[in-house]
Amino acid sequence: MLSDFDLTGRKALVTGAGRGIGKGIALALAEAGADVGVTALGDANAQRVAGDISALGRRGFGWAADGTRVAPMEQLLPDVLAKLGGLDIVVNCIGDSIRGSVAAAPDQGQPQKVLTERDWHTVIDINLTQAFVGCHVFGPHLLQQRHGSVINVSSFAALRPGAQMSAYAAAKAGLTRFTESVALEWAPYGIRVNGIAPGTFPDPEQLTPEQWQQRQQQGAPGVPLGRFGQLREVGLLAIYLSSPAAAYITGQTICIDGGRTLV
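Description of the structure in this document. Just so it is clear, the model here is predicted, and its values are computed rather than measured.

Cut-offs and rules
- Residues numbered from 1 in each chain as written.
- Predicted model: local features only at pLDDT ≥ 70, side-chain atom pairs only at ≥ 80, totals over all residues.
- Heavy atoms only, no water.
- Helix = DSSP H or I, 4+ residues; strand = E, 2+ residues; numbered from the N terminus.
- Buried < 20%, exposed > 50% of the residue type's maximum accessible area, 1.4 Å probe, protein only.
- Lys, Arg positive; Asp, Glu negative; His and termini not counted.
- Charge placed at Lys NZ, Arg CZ, Asp CG, Glu CD.
- Pairing = 2+ DSSP bridges.
- Salt bridge = Lys/Arg side-chain N within 4 Å of Asp/Glu carboxyl O.

**Looking at the overall build of the protein chain**
- When you go through the protein chain residue by residue, the secondary structure sums to seven helices and seven strands.
- Its helices and strands in sequence order give the protein chain the pattern β-α-β-α-β-α-β-α-β-α-β-α-α-β, from N to C terminus.
- With respect to the three principal axes, the spread of C-alpha positions in the protein chain is 60 × 40 × 35 Å.
- For the protein chain, the proportion of its 263 residues judged to be buried stands at 47%.
- With 21 positive and 22 negative side-chain charges, the protein chain shows a separation of 2 Å between the mean positions of the two kinds.

In structure tokens form, the structure reads like this:
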């Protein structure tokens, strides 16, 4: 392994890592040598992923917290710093979507879900506010030590919107500008801030073996490379952006989608 990609001795926190892409990133960072703490909405998932990290020979820690609010994350801060022994990498990876139209439209046949005001705020908080919270709470530690890497996990929807996805697309597009703005704010302190925009990455743990097999056999319509992404692949990109190999990269959101946004 090139030493430029080695994260041995680094301390990382991945929010929203109880499953899916967040878990894939957390495990990849551990494989690259980092000690990793994770947060999830539920304690069981957080502890399970922490155990998986420990099984890789690194120190793993898990916390249950609402990462869309400052207060609960501030409560975690002392314990995160104490158990990890510092913090070098912050990955803000909380995200989810609620499909629905902005307003009811006539002649739609089957009734369509219309986003409520609560739906809108929920999606914005889960996908955009969470990144502000992570940077607001953990940023002061990075700024004080004058080094570190932040990764905000976005989506291909930031580049390629779709009907019934207005709140999600708006949040992810906003996350791109947030990433760029914070990159400019923190560059004088030696902190790099970048984004990752994944395409479709099914989580095998959320599907039955039959559903997973069926999905793989169906292929990935609209994806030039002809397949869905594997969770570890996002983790490999996170390793790069967190490592000395990416020392001259900041303010960028890199799409990893098999070419989906090209067509």
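Having seen the structure, we can now continue with the description.
**Digging into the pairing of strand β4 (residues 89–92)**
- Both faces of β4 are covered, namely the face carrying I89 and V91 and the face carrying V90 and N92.
- Relative to β4, strand β1 (residues 11–15) runs parallel, the two being bridged by four bridges. Among the inter-strand pairings, V14 is bridged to a residue of β4, identified as V91.
- Pairing of β4 with strand β5 (residues 148–153), which is carried by four bridges, proceeds in the parallel orientation. Among the inter-strand pairings, V90 is bridged to a residue of β5, identified as V150.

**Focus: the pattern of salt bridges**
- Counting across every chain of the model gives twelve salt bridges.
- For R232, the salt bridge goes to E31, with nearest N and O atoms at 3.1 Å. Taken together, the residues span a long stretch of sequence, with R232 in helix α7 (residues 231–242) and E31 in helix α1 (residues 20–31) at a distance of 201 residues.
- For R232, a relative accessible area of 44% puts it in the partly exposed group.
- Beyond isolated ion pairs, a larger network of salt bridges with shared partners links K11, D35, R58 and R59.

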